[in-house]
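# Topology and contacts: notes
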Amino acid sequence: MDRQKKIIQTSIVGIIVNLILVVFKATIGILVNSIAITLDAVNNLTDALSSIITIIGTKLAGRAPDKNHPYGYGRIEYFSSVIIAVIVLWAGITSLQESFPKIFTPDVTSYTTVSLVIVAVAVIVKFVLGRYVKGVGESINSQALVASGSDAFFDSILSLSTLVAAIVSIFWHISLEGILGVIISIVIIKASIEMLQETVNSMIGSRVDSELSRKIKDRITSFDEVHGAYDLALHNYGPEDVMGSIHIEVDDNFTAREIHDLTFRIRSAIYEEFGIALTVGVYATNTSDEKVAEIRKYLEDLLSKYDEVIEMHGFYVYSEKNIVSFDLIVDFNANREQIKREVMGKLKEKYPEYQFIIVDDYDISD
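Every value quoted in this text rests on a predicted model; they were computed, and no experiment measured them.

Scoring rules and cut-offs
Residues numbered from 1 in each chain as written. Predicted model: local features only at pLDDT ≥ 70, side-chain atom pairs only at ≥ 80, totals over all residues. Heavy atoms only, no water. Core = buried A, V, L, I, M, F, W, Y, C linked by side-chain atoms within 4.5 Å. Buried < 20%, exposed > 50% of the residue type's maximum accessible area, 1.4 Å probe, protein only. Helix = DSSP H or I, 4+ residues; strand = E, 2+ residues; numbered from the N terminus. Contact = heavy atoms within 4.5 Å. Expected span 1.5 Å × (residues − 1). Salt bridge = Lys/Arg side-chain N within 4 Å of Asp/Glu carboxyl O. Pairing = 2+ DSSP bridges. Right-handed = clockwise from strand over helix to strand, strands pointing away. Phe/Tyr/Trp six-rings, centres within 6.5 Å; stacked < 30°, edge-to-face > 60°.

### Some details on the nonpolar core
In this structure, Leu 299, Phe 315, Val 324, Phe 326, Leu 328, Val 343 and Phe 356 are the most contacted members of the largest nonpolar core, which totals 23 residues. Looking at this core, the elements with two or more residues in it are helix H9 (290-303), strand S4 (309-318), strand S5 (323-330), helix H10 (336-350) and strand S6 (355-361). Here the element with the most residues in this core is H9; it accounts for 5 residues. Not counting residues up to four positions away in its chain, the partners in contact with Val 324 are Ile 295, Phe 315, Tyr 316, Val 317, Tyr 354, Gln 355, Phe 356 and Ile 357. If you look at the next biggest cluster of nonpolar residues, it comprises 19 residues, including Val 226, Leu 234, Ile 266 and Ile 270.

### Examining helix H6 (residues 177-204)
Between its first and last C-alpha atoms H6 spans 40 Å; for 28 residues at 1.5 Å apiece the expected length is 40 Å, and the two agree. Among the residues of H6, those classed as buried are Glu 177, Gly 178, Leu 180, Gly 181, Val 182, Ile 184, Ser 185, Ile 188, Ile 189, Ser 192, Met 195 and Thr 199. Directly after H6, the chain includes Gly 205, whose backbone phi takes a positive value near 110°.

### A short note on the pattern of salt bridges
This structure, assessed with the given rule, holds 14 salt bridges. For Glu 77, the salt bridge goes to Arg 3, with nearest N and O atoms at 3.1 Å. Highlighted residues: Glu 77 in helix H3 (residues 76-104) and Arg 3 in helix H1 (residues 3-31), separated in sequence by 74 residues. The class of Glu 77 is buried, set by a relative accessible area of 10%. Given the relative accessible area of 14%, Arg 3 is considered buried. Across the pair Arg 219 and Glu 273 runs a salt bridge whose closest N-O atoms are separated by 2.7 Å. Here the residue Arg 219 occupies a position in helix H7 (residues 210-221), and Glu 273 occupies one in helix H8 (residues 256-274), the gap between them amounting to 54 residues. For Arg 219, a relative accessible area of 27% corresponds to the partly exposed category. Connected through salt bridges with shared partners, the residues Arg 336, Glu 337, Lys 340 and Asp 360 form a single ionic network.

### A look at the environment of Val 330
The topology assignment puts Val 330 in strand S5. Residue class for Val 330 comes out buried when judged on its relative accessible area of 1%. Leaving out residues up to four positions away in the same chain, Val 330 has contacts with Glu 308, Ile 310, Arg 336, Ile 339 and Asp 361.

### Here's the deal with the pairing of S6
Inspection of the sheet shows S5 paired to S6 by 7 bridges, in the parallel sense. Residue Ser 325 lies in a different strand from S6, and its bridge partner there is Ile 357. Handedness of the S5-H10-S6 crossover: right-handed.

### Examining the environment of Leu 328
By the secondary structure assignment, Leu 328 is in strand S5. Note on Leu 328: relative accessible area 1%, which makes it buried. Once the C-alpha coordinates of Leu 328 and Val 250 are considered, the two residues, 78 residues apart in sequence, prove to be 18 Å apart.

### Observations regarding the packing of aromatic side chains
Within the structure shown, the criterion is met by 7 aromatic pairs. Ring geometry for Phe 332 and Tyr 362: centres 6.1 Å apart, planes at 25°, overall stacked. Here the residue Phe 332 occupies a position in the loop between S5 and H10, and Tyr 362 occupies one in the segment after S6, the gap between them amounting to 30 residues. Its relative accessible area of 41% is what places Tyr 362 among the partly exposed residues. Ring geometry for Tyr 351 and Tyr 354: centres 6.3 Å apart, planes at 85°, overall edge-to-face. This pair shows no difference in class: Tyr 351 is buried, exactly as Tyr 354 is.

Set out below in structure tokens:
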């Protein structure tokens, strides 16, 4: 079964289960005059609506690329996530407005055995639903389903707290409805803000996951001809449509045919193992020159004195022109220009006969 069908089928299961819970919880909440149970029903309703939006977003995101959108429509999934987050935020704010006055003027509730049993069953159902939806989301790399599953699991905890409040009310005649409603509302608001932040980060473009970055670079450097892998950048055009670029360092006596063969093997391996379409650029490294080795050793020792310097790569000496070029990655929080000036000054002082070119690079991946 393809990814789109799996997302839609899982979402439909979520819609059906949540609508059933809405009916039972709303009925109980009204009958026993419980604001907490009623708000819990509203929360289930927003969960069902979220699943509907997930289905619509998945359908639109699955459209084939065209001339105006050659990278496809995969990012529509992120827009649907924003809509879901806003709906959940609205539900949280509304429930907070309803719950807060109940702290000072609590309603009289009259729980029955049937109502308590139904709430207990709802706790179990939401827990199982959450595990199921999240598991499917993780297996097919669906951020929307993972978030929905986590939300359902958390809902089961909130429903459990509602059940505890009901038991406290029965045995000790203490009303926790307003307080519990406020707590539930704050939790909903917090979850919606976190969901919104995560989605916006995906839309803006965030740092490559450290573990993924290291795995890709380790795989590339496993090729005997590659001396190093640098500048990994990944661009997400949807959960399953990732493109990127990387630079590799090879001997400067490689022929175009050898470079073509090597980069082809690298691209094929990365796509097969990670599903990422990678463009491979090339840095050349000087092969046999004692002067070059001396300059590089001095530069490496010099840079090791700067904690702010993360990496140096792309080092190459154009001996016929006495030009030395290298890329320098400095921490984002450091004074980049000052460090470059100091490094440049010391290099010129040591090797006045050479012209040095420092390419300002950025710390975009581990």
